[in-house]
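# Architecture at a glance
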Amino acid sequence: MEKTIQLEQSWLAQVGEEFAKPYMQDLKQFLLSEKSRGKTILPVGSLWFNALNSTPFDQVKVVILGQDPYPTKGHAHGLCFSVMPDVKPLPKSLLNINKELQDDLQINNGHTGYLQPWAEQGVLLLNAVLTVEQGRPNSHQGKGWEQFTDTVIQRINEGKENVVFILWGAYAQKKGVHIDQQKHYVLKSPHPSPLSAHRGFFGSKPFSKTNNWLQNHQLEPINWQLR
């Protein structure tokens with residue numbers, strides 16, 4: 001990938017071999033070609049692997065799966081659903097996540113959409129696709145990222161126990177179809193998008209359910225309150 005890419009050591013041990021595989025080489029060529037044609041790729045290269053770099057493999061307690069980065073410049077920073085600290089107004093899905101959190105745990109995060117503190121507590125905020133062309137949602141789908149992030153999920157599934165997987169919407173649920181529910185806790189609901197949130201995302205209480213599971217397995221709960 002780009003020379004700027006630095007992958008956290010525990011993740012390098014888990015998925016480092018992927019970078020030499022043909023699909024990853026093809027993805028690299030696609031991204032280089034897009035850049036050479038003057039296209040803006042989001043987020044910046046140093047943040048493509050921010051989810052993995054923020055949440056080392058041995059610290060993963062929760063996985064939230066997203067689809068692809070926000071296509072608006074200055075929003076995406078490599079964590080699904082999260083935006084940079086100064087972004088206002090917040091994306092609608094994030095507003096609905098905050099609404100559910102307030103209903104679930106009486107925590108109000110309406111002041112920010114910057115979810116980095118969650119990542120630093122063991123919440124892997126993983127998009128299926130790690131890049132996007134500015135202004136064109138889903139433009140990098142089917143280029144190879146999905147295979148890479150499938151490997152990330154597979155390593156967590158096989159190498160860890162008692163991880164909470166939060167799968168919002170059909171896309172995430174399809175991606176998480178092979179998660180071993182004997183070893184892990186899988187929470188499914190509709191997506192927090194305004195198009196689907198009223199079909200069962202609201203009232204699903206993912207935050208309290210996650211913390212109850214973690215505490216029942218002698219793991220530190222997540223402090224969902226953002227500073």
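Let us look at the structure shown here. (Residues numbered from 1 in each chain as written. Predicted model: local features only at pLDDT ≥ 70, side-chain atom pairs only at ≥ 80, totals over all residues. Heavy atoms only, no water.)

### With respect to the layout of surface pockets
When its volume is computed, the largest pocket comes out at roughly 420 Å³. Lining the largest pocket are 21 residues, with Asp68, Pro69, Tyr70, Phe81 and Ser93 positioned closest to its centre. Its residues assigned to classes, the lining of the largest pocket shows 10 nonpolar, 9 polar and 2 charged. (1 Å grid on protein atoms, 1.4 Å probe; cavity = no way out; pocket = protein on both sides within 12 Å on 5 of 7 lines; lining within 4 Å. Points joined across faces, edges and corners; volume = space filled by probe spheres on them. Nonpolar A, V, L, I, M, F, W, Y, C, P; charged D, E, K, R; others polar.)

### Quick look at the sheet that holds strand E6 (residues 185-189)
If you trace the 4 strands from one edge of the open sheet to the other, you get E3-E2-E5-E6, paired in parallel fashion. What marks the edges here is a single partner per strand, and that holds for strand E3 (123-127) and E6. Strand-to-strand twist of the sheet, defined as the mean angle between neighbouring strand axes without regard to direction, takes the value 20 degrees. Relative to E3, strand E2 (residues 62-66) is paired through 5 bridges, and the arrangement is parallel. Bridging from a neighbouring strand, Val63 pairs with Leu124 of E3. Here helix H8 (residues 206-216) sits on the sheet in contact with E2, strand E5 (164-168) and E6, set at roughly 165 degrees to E5. (Pairing = 2+ DSSP bridges. Helix = DSSP H or I, 4+ residues; strand = E, 2+ residues; numbered from the N terminus. Axes fitted to C-alpha atoms, helices over the stretch in contact; angles between N-to-C directions. Contact = heavy atoms within 4.5 Å.)

### Section: the pattern of salt bridges
Scanning all chains against the criterion turns up 7 salt bridges. Residue Glu18 is joined to Lys21 by a salt bridge in which the shortest nitrogen-to-oxygen separation is 2.8 Å. Note on Lys21: relative accessible area 34%, which makes it partly exposed. Measuring nitrogen to oxygen at the nearest pair gives 2.9 Å for the salt bridge that ties Arg37 to Glu34. Judged by its relative accessible area of 5%, Glu34 is buried. (Salt bridge = Lys/Arg side-chain N within 4 Å of Asp/Glu carboxyl O. Buried < 20%, exposed > 50% of the residue type's maximum accessible area, 1.4 Å probe, protein only.)

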